[in-house]
Amino acid sequence: MKGTPMSYQIAAVVVICLFFFPAASLGAAQQTVPDEVNSAGGDPAIISMMQQINETMLFDYHDGLMRFGPRYTGSLNCSLASQYIYHAFEDMGLSVAFHPWHYAGFSCRNVVATLPGTDVNSTAEYILCGHYDTVAGAPGADDDGSGTAAVLAIASVLCQHQFNHTIRFIAFSGEEVGTYGSFSYAREAAFRGDTIVAVLNMDMIGYANTTEGGRTLRFFPPPRSHWVAEYAQDISLTYQNTVDMTVDILPNYRGADHQPFVDYGYDGVWIAHQDGYPWAHTPQDSPDKLNWSYYVKATKLMLAITVEFTIRPLDVHVVLRSPYEGYTYLFKRPLLQTSFAKHWYTGLRGLTILLGANALAHADVFTKETIEYVVFCIDGNFVVWDREPPYEWAIKGNYYPLIGKHTLSVSAFTSTGKCAYDEMDLFIVSLRTSYRG
Ligand SMILES: [Zn+2]
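Quick caveat: nothing in here was measured; it's all calculated off a predicted structure.

J.: Honestly, the overall build of the protein in this entry has me stumped. Any pointers?
T.: Secondary structure summary: the protein contains nine helices and 19 strands in total. Since a compact globule built from 437 residues should have a radius of gyration of about 22 Å, the 22 Å found for the protein is in line with a globular shape. By its C-alpha atoms, the protein is 65 × 50 × 40 Å across when sized along the principal axes. Buried positions account for 50% of the 437 residues belonging to the protein. In the protein, once contacts between residues fewer than 6 apart in sequence are set aside, the share between residues at least 24 apart is 81%.

J.: Please clarify how the domain arrangement of the protein should be interpreted in this entry.
T.: Reports often express the size of an interface as the amount of accessible area lost when the parts come together. Domain assignment breaks the protein into domain 1 (5-26 + 316-430) and domain 2 (36-311). Facing 17 residues of domain 1, the contacting portion of domain 2 comprises 18 residues. Contributions of two or more residues to the side of domain 1 that touches domain 2 are made by strand S10 (316-322) and strand S19 (419-430). Examining the composition of the side of domain 1 that touches domain 2, we find that four residues originate from one element, S10, more than from any other. Grouping the amino acids of the side of domain 1 that touches domain 2 by side-chain chemistry returns seven nonpolar, five polar and five charged.

J.: Would you mind showing me how to read the sheet that holds S10 here?
T.: Paired through their backbone hydrogen bonds, the strands of a sheet run either parallel or antiparallel. Spatially, the three strands line up as an open sheet ordered S10-S14-S17, and their pairing is antiparallel. The open sheet has two free edges, formed respectively by S10 and strand S17 (391-394), since each of these has just one partner strand. Mean inter-strand twist for the sheet, computed between neighbouring axes without regard to direction, equals 20°. As paired elements, strand S14 (residues 360-367) and S17 share four bridges and run antiparallel to each other. Paired with Leu360 across the bridge in S17 is Ala394.

J.: For this particular structure, what's the right way to read helix H5 (residues 141-158)?
T.: In an α-helix there are 3.6 residues to a turn, and that puts residues three or four apart on one side. Between the first and last C-alpha of H5 there are 24 Å, a value that for 18 residues agrees with the 26 Å anticipated at 1.5 Å per step. Counted residue by residue, H5 has 18 buried out of 18 residues, so it is predominantly covered.

J.: When you look at the confidence of the model for the protein in this model, what are you seeing that I'm missing?
T.: Do not read the fine detail of predicted coordinates wherever pLDDT is low. The pLDDT averaged across the protein works out to 90; a share of 90% of its residues lies at or above 70. Across residues 1-39, confidence stays below pLDDT 50; counting only partners more than four residues off in sequence or on other chains, it has 79 contacts.

J.: Help me out: how do you make sense of the packing of H5 against helix H9 (residues 292-311) in this one?
T.: A pair of packed helices is captured by two measures, namely the crossing angle of their axes and the spacing between those axes. In contact at an axis separation of 10 Å, H5 and H9 are set at 55° when each is read in the N-to-C sense. The angle between H5 and H9 falls in the class oblique. Like other packed secondary-structure pairs, H5 and H9 cross with a definite hand, here right-handed. Along the contact surface, H5 presents Ser146, Ala150, Ala153, Ile154, Val157 and Leu158, while H9 presents Tyr295, Thr299, Met302, Leu303, Thr306 and Val307.

J.: Which parts of the structure should I look at to understand the nonpolar core?
T.: Across soluble globular proteins, nonpolar side chains show a tendency to be buried alongside one another. Of all hydrophobic cores here, the largest spans 94 residues; its most connected members are Val151, Ile154 and Leu200. Ranked by residues supplied to this core, first place goes to H9 with 11 residues. Setting aside chain neighbours within four positions, we find Ile154 in contact with Leu128, Thr299, Met302, Leu303 and Thr306. Within the second largest apolar cluster, 34 residues are counted, among which are Val319, Leu355, Phe376 and Ala412.

J.: Looking at this model, I keep getting lost on unusual backbone geometry. Mind explaining?
T.: Trans peptide bonds make up the majority, and among non-glycine residues the majority have a negative phi. Backbone torsion omega between Asp143 and Asp144 reads -5°, so that peptide bond is classified as cis. Its location among the elements puts Asp144 in helix H5. Cis peptide bonds are those with omega within 30 degrees of zero, and the linkage from Ser322 to Pro323 qualifies with 5°. Looking at the element boundaries, Pro323 is found in the loop between S10 and strand S11 (327-330).

J.: Is there a simple way to think about the pairing of strand S8 (residues 246-249) in this case?
T.: Residues in a regular strand project their side chains so that they alternate between the two faces of the sheet. With four bridges connecting them, strand S7 (residues 216-220) and S8 associate as parallel partners. Note that in S8 the partner of Leu217 across the bridge is Val247. With respect to chirality, the unit in which S7 leads through helix H7 (residues 226-238) into the neighbouring parallel S8 is right-handed.

J.: Is there a simple way to explain the pairing of strand S9 (residues 268-273) in this structure?
T.: A large share of S9 lies buried, amounting to six of its six residues. Here S9 shows no split at all, with Gly268, Trp270 and Ala272 on one side and Val269, Ile271 and His273 on the other all buried. Sheet analysis places S7 next to S9, joined by four bridges and oriented antiparallel. Residue pairing for S9: Arg218 is matched across the bridge by Ala272.

Thresholds, definitions, all that
- Per chain, the residues get numbers from 1 upward, laid out in the order the sequence is written.
- The model is predicted, so local features are restricted to residues of pLDDT at least 70 and side-chain atom pairs to those at 80 or more, both for listing and for counting; the totals for chains, interfaces and linings are taken over all residues.
- For the purposes of this entry, the term helix denotes a DSSP run of H or I that reaches at least four residues, the term strand denotes a run of E that reaches at least two, and both are numbered from the N terminus.
- Computation of the radius of gyration draws on C-alpha atoms, with the globule rule given as 2.2 Å multiplied by the number of residues to the power 0.38.
- Exposure criterion: with C-beta atoms placed from backbone coordinates, a residue whose C-beta has 20 or more other C-beta atoms within 10 Å is buried, one with 12 or fewer is exposed, and one in between is partly exposed.
- Whether two residues are in contact depends on their C-beta atoms, placed from the backbone: they are in contact if these lie within 7 Å.
- Boundaries between domains were set according to an automatic or database domain assignment.
- All amino acids are sorted into three groups, where Ala, Val, Leu, Ile, Met, Phe, Trp, Tyr, Cys and Pro are nonpolar, Asp, Glu, Lys and Arg are charged, and the leftover types, Gly among them, are polar.
- When DSSP finds two or more bridges between two strands, those strands count as paired.
- Lines are fitted to the C-alpha atoms to define the axes, a helix being fitted only along its stretch in contact, and any angle between axes, read from their N-to-C directions, falls within 0 to 180 degrees.
- Take the residue count of a helix, subtract one, and multiply by 1.5 Å to get its expected span.
- The predictor's confidence in any single residue is recorded as pLDDT, a number from 0 to 100.
- Angles are sorted into four bins: roughly parallel if under 35 degrees, roughly antiparallel if over 145, roughly perpendicular if 65 to 115, and oblique for all others.
- The handedness criterion is simple: a crossing whose near helix is rotated anticlockwise from the far helix by less than a right angle is left-handed, and one whose near helix is rotated clockwise is right-handed.
- Among buried residues, those of type Ala, Val, Leu, Ile, Met, Phe, Trp, Tyr and Cys that are joined through C-beta atoms within 7 Å form a set called a nonpolar core.
- Seen with the strands pointing away from the viewer, any crossover whose path from the first strand over the helix to the second strand runs clockwise is right-handed.

So, in structure tokens, the structure goes:
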């Protein structure tokens, strides 16, 4: 182990300074190049699933939730609402579980239903989610009764079918108090090593008051998850004859339930309607404000998007398993779990800090094809390649010391030219360099 007293001082100063850089974008992600959606006009089987979504069933699920009134995290109403969601999933025959969480003085639970994928060689999963909690005193018809009831409605159709990859339908709590429910889930998922490919977070999808807004569903991805929104946009164009609604892509917003997943190394997007909704977080956020025909369309489109994602073969898939998200390393050792989670807006959740060189970057590659090579990069620049598993690299500067925020990425190429990609942001203070990688 090497290191000078100077490097520790720099480390201390820079780590402290980092608190004051809210613009730092942290976490990691994985991107694959989307295939084209090649079924012009859409897959008839998917169209028939979309047609099973109607206003009556959506209203019934939504109404069931509205009966509990405001559902502030930790309140009795919130707990009763979680039971209602649990039983709704159970009635569909899905395997369902409460995911209890305790954080920042709050104790509550998420509700997680699972539709297992049929591909036994794949651990890939997709999450379709909304949040069932509300701010105090608000019925939360749009925010986010709309997303939660859409999760239930889509699950009630998809549970009658099977798809390549696993789908998890999740109703989160703790969103309005700081996205604590999704944070608790995402942190545990990263720790378990769940292979979550994308998180589709519907939060406020039940309103439109303009013609243009009535035809638009907005996706808000962080840059690294742009491919999720682009693929969804392609799908919306494919199914435009069935549902007259397309996907617009806007910049990310950190304060929603997809963000903790992004912070912990996954891809995710926030999904919402276009038109302004003046009643959010007020007692007036009631079902009579919703535009039900828009809401039905948005739910149908989200069903198609979910299915197209989960039937799409993942020819090659790569995941950076270490360094661990949200840990501080001293040289090669993970020393302690970093916790900045109360403050989602700083973007410091999941922050990984490397003090000194040689923390191990380890990539797992999933494919039935032959791996040609696996390349590790820093800030998009080639550092080292590996042809044989384990795909590993002891992180250090190549020609210059690594000090500050850097992006570690890994790309896996198959012999047929297919490529998969994953990346994570690191805060590194290391003076060690090596010309040989
Ligand atoms: Zn919300």
